[in-house]
Amino acid sequence: MKFMGHAVSILRKDILLEIRGRESLSLMLCLSLLFLVIFNFALDIDKDNVSSLAPGILWVIFAFSGILGMGRTSVAERDEEAYLSIVFSPVSAESFYIGKVLSNLLFLLIMECFTLLFFAILFDYEKIISLLPQLLPALFLGTLGFSVVGTLFSFLTTASRYGEVLLLFLYLPVVVPVILGGVTSMDIILNEKAGGADKWIQILAVFDVLYFAVSLILFRYIIEE
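Residues numbered from 1 in each chain as written. Predicted model: local features only at pLDDT ≥ 70, side-chain atom pairs only at ≥ 80, totals over all residues. Heavy atoms only, no water.

### A word on helix H2 (residues 24-42)
Short version of the rule: Every helix listed is a DSSP run of H or I at least four residues long, and every strand listed is a run of E at least two residues long, numbered separately from the N terminus. Expected helix span is taken as 1.5 Å per residue step, with the number of steps being one fewer than the number of residues. Only protein chains enter the accessibility calculation, which uses a 1.4 Å probe. A residue is then buried if its area is under 20% of the maximum for its type, exposed if over 50%, and partly exposed in between. Directions are taken from the helix axis to each C-beta atom, and the arc is the one they span.
Over its 19 residues, H2 runs 27 Å from end to end, which matches the ideal 27 Å to within 8%, given 1.5 Å per residue. Listing the buried residues of H2 in full gives Ser 24, Leu 25, Met 28, Leu 31, Ser 32, Leu 36 and Phe 39. Around the axis of H2, the buried residues are gathered within 140° of arc, so they sit on the same side. Turned more than 90 degrees from where H2 packs its buried face, Cys 30 and Phe 41 sit exposed.

Right under this line is the structure:
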């Protein structure tokens, strides 16, 4: 209970800091809206092809906006010398990691909900909102995978002056299965393709468990270094 209590305390602290500073979430929301505007001008999207293009567009936005948002949270911990606080406090590195995963997960989900709403308005595609209950399992599991991997790599790269650029090159290759699962499952649901999205949701769940187990083991060594 104390283990999870520490993690919840880290989550509460991040929420309060975000409410006061409005750095990570506002950055992700502005970037996602900017991406939507760019895609609107760059691609010839109409009612005939919006269903087929929507999954790829949305998951590209989720991935790149999420990278910058998670990078900001780790930079804030570095600037405040939170690493030393972890080492010399009763809070374990594992509790700290889980708390950061939960806070990143929360901010990512908020960003994704707003992105879906903006997408529906900008491209006149209300169908994606009506199908949101069916999209939620894959969306949640994909976002969880983003958060688990992104939290680990954001702290791994934060010591470098080129950390945010380095994070991009390390992060994206690892989360390819998550992006593939998210895009494919959303494509199946939006276009009502045969076969269903259950298989891809199961694949996402397996990768989430694998990512979490490995990241939880490695995080303590990253903090100590």
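### Quick word on empty space enclosed by the protein
Put simply, the test is: Space inside and on the surface of the protein is sampled on a 1 Å grid over the protein atoms alone, with a cavity defined as a set of points where a 1.4 Å probe fits but cannot get out and a pocket as an open set with protein on both sides within 12 Å along at least 5 of 7 lines; lining residues have an atom within 4 Å of a point. Grid points are joined across faces, edges and corners, and a volume is the space filled by probe spheres set on the points.
Under the criterion given, the structure shown has 1 cavity of 30 Å³ or more. When its volume is computed, the largest cavity comes out at roughly 40 Å³. For the largest cavity, the full set of lining residues is Trp 59, Leu 135, Ala 138, Leu 139, Gly 182, Ser 185, Met 186 and Ile 189. Residue assignment for the lining of the largest cavity shows that the elements contributing at least two residues are helix H7 (132-157) and helix H9 (176-190). No other element matches the 4 residues that H9 contributes to the lining of the largest cavity.

### Digging into a nonpolar patch on the surface
The condition is simple: The patches described consist of residues with a relative accessible area above 30% and no salt bridge, like charges being joined within 9 Å and nonpolar side chains (Val, Leu, Ile, Met, Phe, Trp, Tyr) within 5 Å. For every accessible area listed, the method is Shrake-Rupley and the probe measures 1.4 Å; residues are considered covered only by the protein chains on display. Criterion for a salt bridge: a side-chain nitrogen of Lys or Arg within 4 Å of a carboxyl oxygen of Asp or Glu.
The grouping of Leu 210, Val 214, Ile 217, Leu 218 and Tyr 221 at the surface amounts to a nonpolar patch, some 490 Å² of accessible area in total. Looking at where Tyr 221 falls in the secondary structure, it is placed in helix H10 (residues 198-224). Residue classification places Tyr 221 among the exposed positions, given a relative accessible area of 53%.

### What about the packing of aromatic side chains?
Aromatic ring pairs: the centre-centre distance and the angle between the two ring planes describe each pair. Quick note on the threshold: Only Phe, Tyr and Trp rings are paired, with Trp represented by its six-membered ring, and only when their centres lie within 6.5 Å; those with planes under 30 degrees apart are stacked, over 60 edge-to-face, the remainder tilted.
The final tally for this structure, using the stated rule, is 12 aromatic pairs. Taken together, a centroid distance of 6.2 Å and an interplanar angle of 50° make the contact between Phe 35 and Phe 64 tilted. Residue Phe 35 is found in helix H2, and its partner Phe 64 is found in helix H3 (residues 50-79); the two are separated by 29 residues along the sequence. A relative accessible area of 31% means that Phe 64 is categorised as partly exposed. For the pair Phe 119 and Tyr 125, a centre-to-centre distance of 6.2 Å together with 80° between the ring planes defines the contact as edge-to-face. A residue is classified by how much of its surface remains accessible, and Tyr 125, at 6% relative accessible area, is buried. One aromatic cluster is present, built from ring pairs that chain together Trp 59, Phe 62, Phe 146 and Tyr 171.

### A few points about unusual backbone geometry
For Asp 124, which is not glycine, the phi dihedral falls at a positive 50°. As for its position among the elements, Asp 124 is in the loop between helix H5 (93-122) and helix H6 (127-130).

### Describing the nonpolar core
Definition in use: Remark: nonpolar core denotes a set of buried residues (Ala, Val, Leu, Ile, Met, Phe, Trp, Tyr, Cys) joined through side-chain atoms within 4.5 Å. Note on definitions: a residue-residue contact is assigned when non-hydrogen atoms from the two residues lie within 4.5 Å.
Counting residues in each nonpolar core, the largest one holds 59 residues, and the members touching the most others are Phe 119, Ile 128, Phe 146 and Tyr 171. Of all the secondary structure elements, the ones that give two or more residues to this core are helix H1 (2-21), H2, H3, H5, H7, helix H8 (163-174), H9 and H10. Here this core gets 11 residues from one element, more than from any other, and that element is H5. Those residues within four positions of Phe 146 in sequence are excluded, and the remaining contacts are Trp 59, Phe 62, Ala 63, Met 70, Leu 108, Thr 151, Tyr 171, Val 175, Val 178 and Ile 179.

### Let's talk about the environment of Arg 220
As for its position among the elements, Arg 220 is in helix H10. Between the alpha carbons of Arg 220 and Ala 93 there is a distance of 5.5 Å; along the sequence they are 127 residues apart. With near-sequence residues (within four places) excluded, Arg 220 lies in contact with Ser 92, Ala 93 and Glu 94.

### Some words on the side chain of Ser 147
One can find Ser 147 in helix H7. Judged by its relative accessible area of 0%, Ser 147 is buried. Apart from the residues within four sequence positions on either side, Ser 147 is in contact with Met 70, Val 101, Asn 104, Leu 105 and Leu 108.

### Concerning the side chain of Asp 208
Heads up, the condition is: Neither His nor the chain ends is counted toward charge; the positive residues are Lys and Arg and the negative residues Asp and Glu. Polar contacts here mean pairs of N or O atoms no more than 3.5 Å apart (in protein, one a potential hydrogen donor and the other a potential acceptor; neighbouring residues in sequence count only if both atoms are side-chain atoms).
For Asp 208, the position within the fold is in helix H10. One buried charged residue, Asp 208, remains without a salt bridge, the closest side chain of opposite sign being Lys 199 at 17 Å. Polar contacts involving the side chain of Asp 208 include one to the main-chain amide nitrogen of Gly 145, which spans 3.3 Å. Aside from chain neighbours lying at most four places away, what touches Asp 208 is Leu 141, Leu 144 and Gly 145.

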